[in-house]
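So you can see what is in the structure, the chains are spelled out below.
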Amino acid sequence: MRRTHRCGELRPAHLGQQVTLMGWVRARRDHGRLIFLDLWDHQGVTQVVADPRASADAHGTMHAIRDEYVIAVQGVVRARPKGTQNPELATGEIEVAATAVEVLNATAPLPFPTDDADSVDEVLRMRYRYLDLRRASMQRNLRLRHKAVKALRDYLDGDDFVEVETPVLTRSTPEGARDYLVPSRIYPGSFYALPQSPQQMKQLLMVGGVDRYYQVARCFRDEDLRADRQPEFTQLDLEMSFVEQEDVLSLVESMMVHLVRTLAPDRRLTVPFPRLTHDEALDLYGTDKPDLRLGMPLVDCTALLGESEVRIFSDVVAADGRVKGFCAPGYGTASTADLEALQSLSRTLGAEGIIWLQVTSHGVASPVARHLTPEEQRGLVEALGAAPGDLLILVAGATDVIHGALDGLRRDVGRRLSLAAADLAFAWVVDFPLLKWDGEERRWNAEHHPFTHPQPDDLDRLTTDPGSVRASCYDLVCNGWELGSGSLRVHERALQEQILALLAFTPEEAEASFGHLLEAFDYGAPPHGGFAVGIDRLVAILAGTDTIRDVIAFPKTRQASDLTMRAPAPVTPAQLDEIHLRVVPRKA
């Protein structure tokens, strides 16, 4: 047999045609004389029926097959009997009356049902990922990913960008994350590194006159994992010469709007994207990747409660701490269990706990209400914009602690109140600090990476007040995820050397790690800037899933292992000898 159609293609227009379908068996129903089955492939499902009066051989073969057998079916397309149509299927008006059936491959008993894999433990699904991929949702996600990458490529191609591949085996340079290292067989004791990003390569491409570069790039970082992070990931990487920050923001924003309107036209988004400074994002939402769908901005209540009889407030303020909170609309009906869960979450997030107040028509109800003056109660309700039926949630402590706690609490309450609609809340976060102070190491670190250009107005403070210098840097966030990051780059050798010195590189260390880049800047490097969009996160948001593992064909677990391939795994002593390595047992 030779396949003529895919399982999702047949319609009433094909009635009477002789067709051959190939795919997997699902939902077999044996009614004795008639045997029905659903035959599926990546495009959809077609109902097949076998009648012994039409073909005894086809009926006999279908009697013996089981779910997930791979088969070929030859038959005639006919209309389903009246009342048996399935409006939920694209092929629901027709069926194929089998005249011949061939088993292409039998199937062993499955470790889990592929049509109900959502209820199966994820470890088991990762172990048999090739079975998990048969789920309709996974098929949709992989096709969505393909369409998203194609749409991005098409957009950049139409704007005179050139796709250039950069090396995967490169040099290890200190850029913030831990490298994956690859030992060299030819150069004993030396190592390649897998790229954390093509950052330095794309800057060298700008020196080389490429002007507008992009790449769908594989990147690698040996970091602790979470729902939106994998040890290997994919990003749309781009760089442009002779641009200012506004040029990059405009291009990326236009590209994102084009992508959403092409692939998800029913998803609402606000254009132009709102812009927040880094300080505004932290002040209003406690994070530099806020989910703007939730509302519930943070309000500083320090001045209002600094002299309160509630000791947790007054003591914290006396110790130069702050009191901040937010209003949860309509959550005044929160149960005792809900409030205890919020208390527990706040402590998990590093705070001492929360103070909650239920807003009523007569004031506020709370265990601390009797210790608040009427003026303080009214002030809280007014400051947080509350109304009867709302819940006020306050946290007191050091700024970093309360921001982290309130960010987590706000997200949790948003989930409980179903405030995260299907909208796409894109936003730009700009004006990041160039540097951040490491109190333990007593040194400056780069907020993003060492090649970010300071804002021109702040250049004169690099030597006198480096902590106040803002970066020409920008993040794109959406629905509480950081989707991408970019900046204008340093393109002058003297400035790059000055920044590396601030980051505690000696001249010798700077030359050893970044001499190739510094040397390139001596040969006419143009002003340039760029951006990188996380493909995995972008597709996960478009697919409506909360983990990027759902949009990656073969992801790693949270422990960075590949359960399907059983990687990582030991290698033979001979392989280790070839690359001049030996394994040292871990000390007990």
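Since this is a predicted model, take the numbers as computed values, not measurements.

Student: Please explain the environment of Asp-30 as it appears in this structure.
Tutor: Structurally, Asp-30 can be placed in strand β1 (residues 18-30). Placed 20 residues apart in sequence, Asp-30 and Ala-50 show a C-alpha to C-alpha distance of 9.6 Å. Dropping the residues within four chain positions of it, Asp-30 is found in contact with Ile-35 and His-63. Here the side chain of Asp-30 touches Gly-32 through a polar contact of 2.9 Å, landing on its backbone nitrogen. One polar contact links Asp-30 to His-63, side chain to side chain, over a distance of 3.0 Å.

Student: Looking at this structure, I do not really get the pattern of salt bridges. What am I missing?
Tutor: A side chain with one charge can pair with a side chain of the opposite charge if their charged atoms come near. A complete count under the given rule lists 41 salt bridges for this structure. When the shortest N-O distance is used, the salt bridge between Asp-291 and Arg-293 registers 2.8 Å. Looking at Asp-291, the relative accessible area reads 6%, which means it is buried.

Student: Would you mind going over helix α11 (residues 374-383) with me for this structure?
Tutor: Because each turn of an α-helix spans 3.6 residues, side chains separated by three or four positions end up pointing in the same direction. Turning to α11, its buried residues are Glu-376, Gln-377, Gly-379, Leu-380 and Val-381. Residues of α11 that are buried make contact with α8 (302-305), β14 (355-360), β15 (363-365) and β16 (391-397).

Student: Looking at this structure, how should I read the pairing of strand β10 (residues 232-241)?
Tutor: Successive side chains on a regular strand alternate, one facing one side of the sheet and the next facing the other. Where burial is concerned, most of β10 is hidden: 9 out of the 10 residues are buried. Inspection of the sheet shows strand β9 (residues 212-220) paired to β10 by 9 bridges, in the antiparallel sense. Bridge assignment links Cys-219 to a residue of β10, and that residue is Phe-233. Two elements, β10 and strand β22 (residues 528-534), share 7 bridges in a ladder whose sense is antiparallel. By the bridge assignment for β22, Ser-241 is matched with His-528.

Student: It is not clear to me how the nonpolar core should be interpreted in this structure. Could you clarify?
Tutor: One broad rule of soluble globular proteins: the nonpolar side chains tend to lie buried together. The biggest cluster of nonpolar side chains holds 46 residues, and the ones touching the most others in it are Leu-156, Met-256, Phe-426, Trp-428, Leu-476 and Phe-531. Put simply, the parts of the chain that give this core at least two residues each are α4 (136-157), β10, α6 (245-263), β17 (426-430), β20 (473-478), β21 (481-488), β22 and α15 (535-543). Dropping the residues within four chain positions of it, Leu-156 is found in contact with Phe-161, Tyr-214, Leu-236, Leu-238, Leu-251 and Met-255. Grouped together as the second largest cluster of nonpolar side chains are 27 residues, Val-429, Leu-435, Phe-514 and Leu-517 included.

Rules behind the numbers
Residues numbered from 1 in each chain as written. Predicted model: local features only at pLDDT ≥ 70, side-chain atom pairs only at ≥ 80, totals over all residues. Heavy atoms only, no water. Helix = DSSP H or I, 4+ residues; strand = E, 2+ residues; numbered from the N terminus. Contact = heavy atoms within 4.5 Å. Polar contact = N/O pair within 3.5 Å; in protein donor to acceptor, adjacent residues only side chain to side chain. Salt bridge = Lys/Arg side-chain N within 4 Å of Asp/Glu carboxyl O. Buried < 20%, exposed > 50% of the residue type's maximum accessible area, 1.4 Å probe, protein only. Pairing = 2+ DSSP bridges. Core = buried A, V, L, I, M, F, W, Y, C linked by side-chain atoms within 4.5 Å.

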